[in-house]
Structures are given as structure tokens and as C-alpha cells.
Amino acid sequence: NEEGFLGACLESVRGLADEIVIVDGGSSDKTVEIAKAAGARVISTTNPPMFHINKQKALDAAKGDWILHIDADELINSKLRKAIPLLIKSTYCDAYSFAWPYPEKSGYINKGPFSKTFKHALFRKKKLYMVGVSHEYPRTYGNICRNKNFRIEHKPAYDNFNFHVFWNKWQKWAKIHALQLNNLKSIPVYNIHDKNSNLQFKRLQTTVNHPILSGLSDTAKFILIYFWRG
């Protein structure tokens, strides 16, 4: 149900993307109508919570050599739009990570750790892989290049940085995430031939096998990251 954002999202990639693939999880508003009017190919799915992220469906359907991976409430600004055709000519970079600061009531957070977050967004398809667990993201077997000079615009209709939003969002997502981890062996993957040797999958398996230790180590890791980022 992204009718309030989707039109602007698709307009931002008009003429940039050779094709637009959208996976719709049973929306009841004008999301599908808006997508089709913009020339997008829509893949409908029941999208049960166990496999909340169906990005694999879009990845399988996409025909291009490069994948630009954004959500319905995100935009490609003019600066990044002009740069992408040049970035994908690189012989070294197989993926790009762009600035993705957290939005708050007055705009983007401009200092501290939440002003320095990044999103992996542009991938050479043949080297892209992904594990379909909520809030996991596509990764690359090749070289990823982080570029802070370009930003993915993300401005939801709500203040994304307050205690109420954090509490309610993570109460919901923690339950879904736990269900997915409990069924990790049946989670869909993209371009992973051997789950047991994949680092991303092994990390998730460690979380299942050692939840308390994994939680403590993640807490320590993110505290260090926050201090390092200011």
C-alpha cells in the first residue's frame, strides 16, 4: 500500500532504468495501478510473513546486467541519477553503497551515527547474492564501493527517529525475524549454490544456534560503531 510514495519513486528512475520490476504483496490501494501506468512489470505474491522479503522474485525476473535496488518510499535524486550510467562502467566496482541518513521530523539527521548510515543499492547482477530474511540486503561476491557523495533519498511520512517508532517497529519485526530464523533452512536465497559455505547464511545460523552470545556480540559491535561514527 505505497500509493502515496510510489509515483515519485518511479518518476525518479524514469529513463534511467531499462526496466522496472515491482513485487506487490497483496496491496489494497492503487499501488499496482500506479506501477503499471509507469510501465513497470508487476509480480504479485501473497508475501506471507515467513518470507517477508520477496526480492528474490524481482531479482530472478530482472534481465539487466545491473540491479538498482530501492524501496517504494525512496528516490534517486538528480545528482545520483546522472552518476549511475558512469558508475556502472567501472571494471573494479561490482556494487555500490550510497549514503542513507535517517530521517526525522525536521529532515535528515546531520550529526552522530544515524547521519552516517549507508545502503547497498546498485549491483552487478551476476555477482549479487542474497538471503531472504527480513532486513537482510543484497550483497556481492565482488568489490563493493562505498560512496558518501551520493545519497538515496528516504523520506517517509513519519518521523523515523523517535522512541515510539523504534519500539513499535522492532516489536513487530523481532517476531517476524524470529519466525524466519526458526525456519532458516527453508528461507529462499538468490545466487547461493551452497548455503553452508556462504558467510551471510553462516552468520544467521550462528544466531540460531547461539542467540544470547550473538545478541551480546551484536550489541557490543553496534556500540563501538556508534562511538566510532560520533
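Scroll up a little and you will see the structure.
These numbers were taken from a predicted model, which means no experiment stands behind them. (Residues numbered from 1 in each chain as written. Predicted model: local features only at pLDDT ≥ 70, side-chain atom pairs only at ≥ 80, totals over all residues. Heavy atoms only, no water.)

### Digging into a nonpolar patch on the surface
Spelled out, the test is: Patch definition: residues with relative accessible area over 30% and no salt bridge; like charges joined within 9 Å; nonpolar side chains (Val, Leu, Ile, Met, Phe, Trp, Tyr) joined within 5 Å. Note on areas: Shrake-Rupley with a 1.4 Å probe; residue coverage comes only from the protein chains shown. Whenever Lys or Arg places a side-chain nitrogen within 4 Å of a carboxyl oxygen from Asp or Glu, that contact is recorded as a salt bridge. Helix and strand labels come from DSSP, where a helix needs a run of H or I of at least four residues and a strand needs a run of E of at least two; each type is numbered from the N terminus. When accessible area is computed with a 1.4 Å probe and restricted to protein chains, residues below 20% of their type maximum are described as buried, those above 50% as exposed, and intermediate ones as partly exposed.
There is a patch of nonpolar side chains on the surface, built from Ile-212, Leu-213 and Leu-216 and spanning about 360 Å² of accessible area. As for its placement among the helices and strands, Leu-213 is situated in helix 7 (residues 211-228). Judged by its relative accessible area of 59%, Leu-213 falls in the exposed class.

### Structural notes on the pattern of salt bridges
For the structure on display, the rule yields 10 salt bridges. In the salt-bridge network here, residues are joined through shared partners; they are Asp-71, Glu-74 and Lys-119.

### Considering the sheet that holds strand 5 (residues 95-99)
Hydrogen bonds along the backbone pair up the strands of a sheet, which may run parallel or antiparallel. Applicable threshold: Two strands pair if DSSP finds at least two bridges between them. As a rule, the C-alpha atoms of each element are fitted with a line to give its axis, helices using only the stretch in contact, and angles between N-to-C directions run from 0 to 180 degrees.
Spatially, 3-8-5-11-4 is the arrangement adopted by the 5 strands of the open sheet, whose pairing is mixed. Single-partner strands in this sheet number two, and they are strand 3 (66-68) and strand 4 (74-76). Taking each pair of neighbouring strands and ignoring which way they run, the sheet shows an average axis angle of 40°. As paired elements, strand 3 and strand 8 (residues 118-124) share 3 bridges and run antiparallel to each other.

### So, the sheet that holds strand 10 (residues 139-140)
Strand order in the open sheet formed by 3 strands is 10-9-12, with antiparallel pairing between adjacent strands. Every interior strand has two partners, whereas the edge strands, strand 10 and strand 12 (189-190), have only one.

### A closer look at the state of the cysteines
Condition: For the purposes of this analysis, a disulfide is any pair of cysteine sulfur atoms at a distance within 2.5 Å.
Counting across every chain of the model gives 1 disulfide. Note on cysteine connectivity: Cys-93 is disulfide-linked to Cys-145, with sulfurs 1.9 Å apart. Sign of the S-S torsion, about -90° for the bond between Cys-93 and Cys-145, identifies this disulfide as left-handed. Here Cys-93 is found in the loop between helix 4 (78-87) and strand 5, whereas its partner Cys-145 is found in strand 11 (residues 144-154), with 52 residues between them in sequence. The exposure classification of Cys-93 matches that of Cys-145, with both residues buried.

### Structural notes on the nonpolar core
How we decide: By nonpolar core we mean a set of buried residues, namely Ala, Val, Leu, Ile, Met, Phe, Trp, Tyr and Cys, connected to one another through side-chain atoms within 4.5 Å. Contacts: residue pairs with any heavy atoms within 4.5 Å of one another.
Core analysis: the biggest nonpolar cluster contains 28 residues, and Ile-22, Ile-76, Leu-80, Tyr-96, Phe-98 and Ile-152 have the highest contact counts within it. Ranked by residue count, the leading element in this core is helix 4, at 4 residues. Once you skip the residues sitting within four places of it in the chain, Phe-98 turns out to touch Leu-80, Leu-87, Thr-117, Phe-118, Lys-119, Ala-121, Leu-122, Asn-147, Phe-150 and Ile-152. Among the nonpolar cores identified, the runner-up in size contains 9 residues, and Tyr-129, Val-131, Leu-181 and Ile-192 belong to it.

### Remarks on the packing of aromatic side chains
Quick reminder of the rule: Note on aromatic pairs: the rings of Phe, Tyr and Trp (six-membered ring only in Trp) are paired at centre separations within 6.5 Å, and the planes decide the class, stacked below 30 degrees, edge-to-face beyond 60, tilted for the rest. The criterion for a charge sitting over a ring is simple: Lys NZ or Arg CZ within 6 Å of the ring centre, and within 35 degrees of the ring normal.
Applying the stated criterion across every chain, the model contains 14 aromatic pairs. With a centroid separation of 6.4 Å and an interplanar angle of 25°, the aromatic rings of Tyr-102 and Phe-166 are classed as stacked. With Tyr-102 in the loop between strand 5 and strand 6 (103-104) and Phe-166 in helix 5 (residues 163-182), this residue pair connects regions lying 64 residues apart in the sequence. Over the ring of Tyr-137 we find Arg-139; its NZ or CZ atom is 4.2 Å from the centre of that ring. Above the ring of Phe-118, the side-chain terminus of Arg-146 is found at 4.2 Å from the ring centroid.

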